[in-house]
Amino acid sequence: MGVCPDDPDLINLFALVTYLPDPLRQCLNDLRRELVPGCHLKAHLTVLPPRALFSRKTAWEQLLLQTADQTPINVELGGILIFPKTNVIHVSIRKGRESLISLHDLLARDALFFDEPFDYHPHITLAQGLPEPDVAAAAALARRRWEEYRGPRGFTLDSMTFVQSTGLSDWVDLGEVALGEVRATAS
């Protein structure tokens, strides 16, 4: 990844995410920190996984155009699973999965195209990069905590945030797009 010419503190790595509403966000943020102490990333559902872009401005303009006629997606979360090849512990998507895949496929072309290493599988990451021997125990803990949670397990995805990596396992928000309308411009 090269340094981003617009800001030398950022790298050329972008994603499109939707942050979860409370109390779901708080529950999953707490769980993320329990599984990975020190984790400060906000619970989110990724619509476009991290990717290098040729032009941030062109990609942003494409996002504005392609989301203007999209309708919000009702999402309901499922169980705690583990991706077999990467050992990523995640919350599955029970409802809205096909709509999320369609939205991903609509957006992941032209200025936002990237040769993704995995097929798009909508989910909410809870833990990754754990030592192999710790994965099963962490997943079991996540399942217990998820079972104990009594709040809502669904939300409406009606906006997404375009983010850029700092290269230090952190991301900055560049702008928000709402499905069906333009809400803000990227900085």
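Reading guide: rules and limits
- Residues numbered from 1 in each chain as written.
- Predicted model: local features only at pLDDT ≥ 70, side-chain atom pairs only at ≥ 80, totals over all residues.
- Heavy atoms only, no water.
- Helix = DSSP H or I, 4+ residues; strand = E, 2+ residues; numbered from the N terminus.
- Polar contact = N/O pair within 3.5 Å; in protein donor to acceptor, adjacent residues only side chain to side chain.
- Expected span 1.5 Å × (residues − 1).
- Buried < 20%, exposed > 50% of the residue type's maximum accessible area, 1.4 Å probe, protein only.
- Contact = heavy atoms within 4.5 Å.
- Pairing = 2+ DSSP bridges.
- Axes fitted to C-alpha atoms, helices over the stretch in contact; angles between N-to-C directions.

## A word on the environment of Ser-159
Counting through the fold element by element, Ser-159 comes out in strand β7 (residues 159-165). The sequence separation of Ser-159 and Val-17 amounts to 142 residues, and the corresponding C-alpha distance is 8.8 Å. A polar side-chain atom of Ser-159 sits 3.3 Å from a polar atom in the side chain of Glu-176.

## A look at helix α4 (residues 132-148)
Spanning 17 residues, α4 covers 26 Å between terminal C-alpha atoms, matching the ideal 24 Å at 1.5 Å per step. Of all the positions in α4, only Val-135, Ala-138, Ala-139, Leu-141, Ala-142 and Trp-146 are classed as buried. Of the surrounding secondary structure, the elements contacted by the buried residues of α4 are α1 (24-35), β3 (73-82), β4 (89-95) and β5 (123-127).

## Regarding the sheet that holds β5
Read across the sheet, four strands follow the order β5-β4-β3-β6 without closing on themselves; strand pairing throughout is antiparallel. Single-partner strands in this sheet number two, and they are β5 and β6 (154-157). Looking at each pair of strands side by side, their axes are set apart by 35° on average, direction ignored. By the bridge criterion, four bridges tie β4 to β5 in an arrangement that is antiparallel.

By themselves, these are just geometric observations and shouldn't be taken as functional.
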